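Each chain, written out:
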Amino acid sequence: MKPVIFITGATSGFGAATTRHFASNGWKVIATGRRRERLAELEAQFPEFVHGIEMDLTHHESIKAAVKAIPENFQPVTCLFNNGGLALGTNPIPDIDPAHWRTMVETNIMGLIHTTLELLPLLKQVGRGASIVNVGSIAQRFAYPGGNVYGATKAFVHQFSANLRTDTMGTGIRVTALEPGHAKSEFTAVRTGGDFEANEKMYADNDPLMPEDIAQTVWWLANLPAHVNVNVIEVMPVCQVPQRPVILKREEFSA
Ligand code: NDP
Ligand code: 8X3
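The paragraphs below set out a description of the structure included in this document. Here the residue index of a chain counts from 1 through its sequence in written order. The order in which chains are written sets their letters, starting at A; the order in which ligands are written sets their numbers, starting at 1. Per-residue local features are limited, in this predicted model, to residues with pLDDT of at least 70; the limit for side-chain atom pairs, both in listing and counting, is 80 or more; totals at the level of whole chains, interfaces and linings are taken over all residues. Values reported for side chains reflect all heavy atoms of the structure, with hydrogen atoms and water molecules removed beforehand.

The salt bridge criterion pairs a side-chain nitrogen of Lys or Arg with a carboxyl oxygen of Asp or Glu, the two atoms within 4 Å. Per the counting criterion, the structure on display carries 7 salt bridges. In this structure, Glu 61 and Lys 64 form a salt bridge, with 3.6 Å as the shortest nitrogen-oxygen distance. Separated by 3 residues within a single helix, Glu 61 and Lys 64 lie in helix H3 (residues 60-68), roughly one turn from each other. A relative accessible area of 36% places Lys 64 in the partly exposed class. Helix numbers and strand numbers start at the N terminus; a helix is a DSSP run of H or I with at least 4 residues, a strand a run of E with at least 2. Throughout this description, buried means an accessible area under 20% of the type-specific maximum (1.4 Å probe, protein chains only), exposed means over 50%, and partly exposed covers the range between.

Given below as structure tokens:
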């Protein structure tokens, strides 16, 4: 029987690349997201390997319906790639849109925990060798102006992943928080409300991670020997360097 991966956010960026990588290498993929036409493209590219299901992470009922709609020949599930998510807005507090905050919490936190809850029975059927890969971000550890609620949702993913490991203890299911840095996708276009020029500019003069880099990392994680659990993995492009905290001079304070 071929192994199966359930992917959230399969319509773009990391999720689309991971769908292609796994399907090309003989896994079956349940590809989910809101944009049906993009799911259809993936299905057309890999007719026997990809099954698309429309799913909105912000609605628990939509997640339940999607899991119910998984065809029998795409069960049980060996890997859950909890990847779908977004940042909205780049302004520091208080110049923010409360609706953005709500959507980020509903997608990055509620969507991820509800998906985990609904998939667990199918992962438990596999048990030893099954895995959950939760996409966090370096933004959970490195603060930056305008990162406010986005970074905090990813800090949730970091700690939830650790707690989930303790709750799944004894089932054989592995849990990893995968925390990427600067990576090219549609992330910045979404964050800026559809500014694809800003998206291109962000990556024009540097060499970011590419979605395929993340797909390969997920592949490595999912195919490690069954007794190995990578708790956290932080991945950055060589062009991105973590630095020490900023120190302000007295004259740089506004009051
Ligand atoms: P993209 O914008 O390219 O992809 C985001 C995916 O999330 C899309 O497939 C989108 O699908 C899905 N999504 C968003 N909202 C919902 C929703 N309500 N319901 C279902 N699916 C949803 O960005 P990335 O590939 O970069 O992002 C993937 C993950 O990686 C995110 O969690 C992001 O926070 C994280 N990340 C990104 C980094 C980067 O620099 N790019 C770095 C670190 C982490 P659709 O719109 O069709 O529903
Ligand atoms: C996305 C990475 O640093 O742009 O999670 O917020 S960052």
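That was the structure; now back to the text.
Moving on, we come to the pairing of strand S6 (residues 174-180). Of all the 7 residues making up S6, 7 are buried; the element is thus mostly covered by neighbouring parts of the structure. A two-sided burial pattern is seen for S6, the buried positions comprising Arg 174, Thr 176, Leu 178 and Pro 180 on one face and Val 175, Ala 177 and Glu 179 on the other. On the question of chirality, the crossover connecting strand S5 (residues 131-135) to the parallel S6 by way of helix H5 (residues 148-167) is right-handed. The rule for pairing is simple: two strands pair if DSSP sees at least two bridges between them. In this structure, S6 lies alongside strand S7 (residues 232-235), joined through 4 bridges in parallel fashion. Among the inter-strand pairings, Pro 180 is bridged to a residue of S7, identified as Val 235. A crossover counts as right-handed when, viewed with the strands pointing away from the observer, the path leading from the first strand over the helix to the second turns clockwise.

Another point: the packing of H3 against helix H4 (residues 98-124). Between N-to-C directions, angles span 0 to 180 degrees; the directions come from axes that are lines fitted to C-alpha atoms, helices contributing only their stretch in contact. Following both chains from N to C, one finds H3 and H4 inclined at 25 degrees, their axes separated by 10 Å at the closest point. Our classification of the angle between H3 and H4 gives roughly parallel. Relative to H4, H3 is oriented so that their crossing is right-handed. When H3 is examined against H4, the residues His 60, Ile 63, Lys 64 and Val 67 are found in contact with a partner set consisting of Gly 111, His 114, Thr 115, Leu 117, Glu 118, Leu 119 and Leu 122. Here the nonpolar group is Ala, Val, Leu, Ile, Met, Phe, Trp, Tyr, Cys and Pro; Asp, Glu, Lys and Arg are the charged ones; every other residue, Gly included, is treated as polar. Among the residues making up the contact of H3 with H4, the classes are represented as 5 nonpolar, 4 polar and 2 charged. For classification purposes, angles smaller than 35 degrees are called roughly parallel, those larger than 145 roughly antiparallel, those between 65 and 115 roughly perpendicular, and all remaining angles oblique. Each crossing gets its hand from how the near helix is turned against the far one by less than a right angle, where anticlockwise is left-handed and clockwise is right-handed. In what follows, residue pairs with any heavy atoms lying within 4.5 Å of each other are defined as contacts.

Here we take up the site of ligand 1. If a single non-hydrogen atom of a residue is within 4 Å of a molecule or strand, that residue counts as near it. Lining the immediate environment of ligand 1, one finds 29 residues, of which Thr 11, Ser 12, Arg 34, Tyr 150 and Ser 185 sit closest. Here an oxygen atom of ligand 1 sits 2.9 Å away from a polar atom, N or O, in the side chain of Arg 35. In protein, a polar contact means a hydrogen-donor-capable atom and an acceptor-capable atom, both N or O and within 3.5 Å, with residues adjacent in sequence counting only if both atoms are side-chain atoms; elsewhere, any N or O pair within 3.5 Å suffices. The separation between a nitrogen atom of ligand 1 and a polar main-chain atom of Ala 183 is 3.1 Å. Contact with the protein chains covers 95% of the free accessible surface of ligand 1, which is 880 Å². Mapped by element, the contributors of at least two residues to the shell around ligand 1 are helix H1 (13-24), H5 and helix H6 (187-191). Split into classes, the residues belonging to the shell around ligand 1 amount to 10 nonpolar, 14 polar and 5 charged. Note on areas: Shrake-Rupley with a 1.4 Å probe; residue coverage comes only from the protein chains shown.

Interhelical geometry of H4 versus H5 gives an angle of 15 degrees and a closest axis separation of 9 Å. When the axis of H4 is compared with that of H5, the two are roughly parallel. Note on packing geometry: the crossing formed by H4 with H5 is right-handed. Facing Trp 101, Met 104, Val 105, Asn 108, Ile 109, Leu 112, Ile 113 and Thr 116 of H4, the residues of H5 in contact are Asn 148, Val 149, Tyr 150, Thr 153, Lys 154, Phe 156, Val 157, Phe 160 and Leu 164.

Spatially, S3-S2-S1-S4-S5-S6-S7 is the arrangement adopted by the 7 strands of the open sheet, whose pairing is parallel. The open sheet has two edge strands with one neighbour each: strand S3 (50-54) and S7. Averaged over neighbouring strand pairs, the angle between their axes works out to 15 degrees when direction is ignored. With 3 bridges connecting them, strand S1 (residues 4-7) and strand S4 (residues 79-82) associate as parallel partners. Looking at S4, one finds that Phe 6 is bridged to Leu 80. Each of S1, S4 and S5 touches H4; the most contacted strand, S4, lies at about 175 degrees to it.

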